[in-house]
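Architecture and fold: a report
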Amino acid sequence: CGMDHKPASIIIPNFNGALILENNLPSVVAAARAYDAEVEIIVVDDASSDRSVAMVTEMFPQVTLVRHDVNRGFAETVHSGVDAAVHDILIFLNSDVRPHANFMAPLIRTLMSRQDIFSVSPLVYDPEGRPQNVSWNLYTFVRGTVKSTEWDMSTVEERIAAGRRLKSLFASGGSVALKKVMFLELGGFLPVYKPFYSEDMDLCTRAWMRGWQTLLEPRSQVVHDHVGTIKRHFHAKKIRITRLRNRHYYMWLYCSPRRLFLSHAPWTILRLFLRLLRLDVTLPIALIISLAHLKPIMALRSQIQQQQPFKPLEQILREIESE
């Protein structure tokens, strides 16, 4: 096997997504067939009550099915897939992602091109053919928090022409290739973010602390339909509160104390005041929940600091920007 033709395990978490899987698994099977090495496809069913299990068993007998008896959420569903995977290269795909037929070879070639690469993101398109910002996560500090920077394909082409790698803060957990040994060494996704959001950002941040890079590989392409599990099963307000809560956790875990006290805290207080004026209670609720868990978050922060050389988020973002 060449560098870009290593065996791989594709892991697809599923919860009540029978129809979505039925639409998208044929593309995954076609991509596995087009790839010039062994590929196993694992669907991890997180205790679905729809016909997911029967549909996969009947229509896709080549797919390995792992089943949860009780619903455990995104991170644990992926972890069950990792435990079942026989290969050293893992590809995580959401059920609402349709890979292009030849997406695997360039993704894996880039992943295996250097020992210090942890994960690689494909170029993610929406159904209308527009590149999605989440393909390449360039973040900066804005008003006390981190915000993703907009980019377009001309920036991607300029960087490639200049011989620069397309470094990214994180690869979306919905479409990423990564090295199993590194994923396990990092301890996988942290349970603190349950039920969803920020696990992938957190994981790759811890990888960057060890000097393990995340890159974008634009020659590998997928389409993301955005009809996934979260929006179908959770109220919009609950989703917003969870997103805000997890963003606080992330900032508290990885920013320098100076950044937290001089920038993050004052801006959070101002934001809270402005939201209350608009009678928007999502941020106040998220903040109350976050502060109630401040002690375990701080304990987790010191645990992370002991597990690897700790770099504050500011330093990681500077390293991603530099080449």
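Computed from a predicted structure; not experimentally measured.

Parameters at a glance
Residues numbered from 1 in each chain as written. Predicted model: local features only at pLDDT ≥ 70, side-chain atom pairs only at ≥ 80, totals over all residues. Heavy atoms only, no water. Helix = DSSP H or I, 4+ residues; strand = E, 2+ residues; numbered from the N terminus. Rg over C-alpha atoms; globule rule 2.2 N^0.38 Å. Buried < 20%, exposed > 50% of the residue type's maximum accessible area, 1.4 Å probe, protein only. Contact = heavy atoms within 4.5 Å. Areas by Shrake-Rupley, 256 points an atom, 1.4 Å probe, with all protein chains shown as cover. Lys, Arg positive; Asp, Glu negative; His and termini not counted. Charge placed at Lys NZ, Arg CZ, Asp CG, Glu CD. Axes fitted to C-alpha atoms, helices over the stretch in contact; angles between N-to-C directions. Parallel < 35°, antiparallel > 145°, perpendicular 65-115°, else oblique. Left-handed = near helix turned anticlockwise from the far one by under 90°. Nonpolar A, V, L, I, M, F, W, Y, C, P; charged D, E, K, R; others polar. Core = buried A, V, L, I, M, F, W, Y, C linked by side-chain atoms within 4.5 Å.

Quick word on the overall build of the protein
- Looking only at helices and strands, the protein has 13 helices and ten strands in total.
- Against the compact-globule benchmark of 20 Å for 323 residues, the protein has a radius of gyration of 20 Å, which places it among compact chains.
- Counting only residues that meet the buried cut, the protein has 53% of its 323 residues in that class.
- Sequence-distant contacts, at least 24 apart, represent 78% of the contacts inside the protein between residues at least 6 apart.
- Element-wise, carbon and sulfur atoms account for 56% of the exposed surface of the protein, whose accessible area totals about 14600 Å².
- Between the centroid of the 38 positive side chains of the protein and the centroid of its 32 negative side chains there is a distance of 9 Å.

Examining the packing of helix α9 (residues 236-254) against helix α11 (residues 282-292)
- With their axes 8 Å apart at the nearest point, α9 and α11 run at an angle of 45° to one another. For the element pair α9 / α11, the angle class is oblique. Handedness of the crossing formed by α9 with α11: right-handed. Of the residues in α11, those touching α9 at Lys-237, Arg-240, Ile-241, Leu-244, Arg-245, His-248, Tyr-249 and Trp-252 are Thr-282, Leu-283, Ile-285, Ala-286, Leu-287, Ile-289, Ser-290 and Leu-291.
- Residues belonging to the contact of α9 with α11 are distributed by class as follows: ten nonpolar, three polar and three charged.

With respect to the nonpolar core
- Phe-92, Phe-118, Leu-169, Tyr-250 and Tyr-254 are the most contacted members of the largest nonpolar core, which has 46 residues in total.
- Other than its neighbours up to four places away in sequence, Phe-92 contacts Ile-11, Val-78, Val-82, Gly-173, Gly-174, Ser-175, Val-176, Leu-178, Phe-183 and Phe-189.

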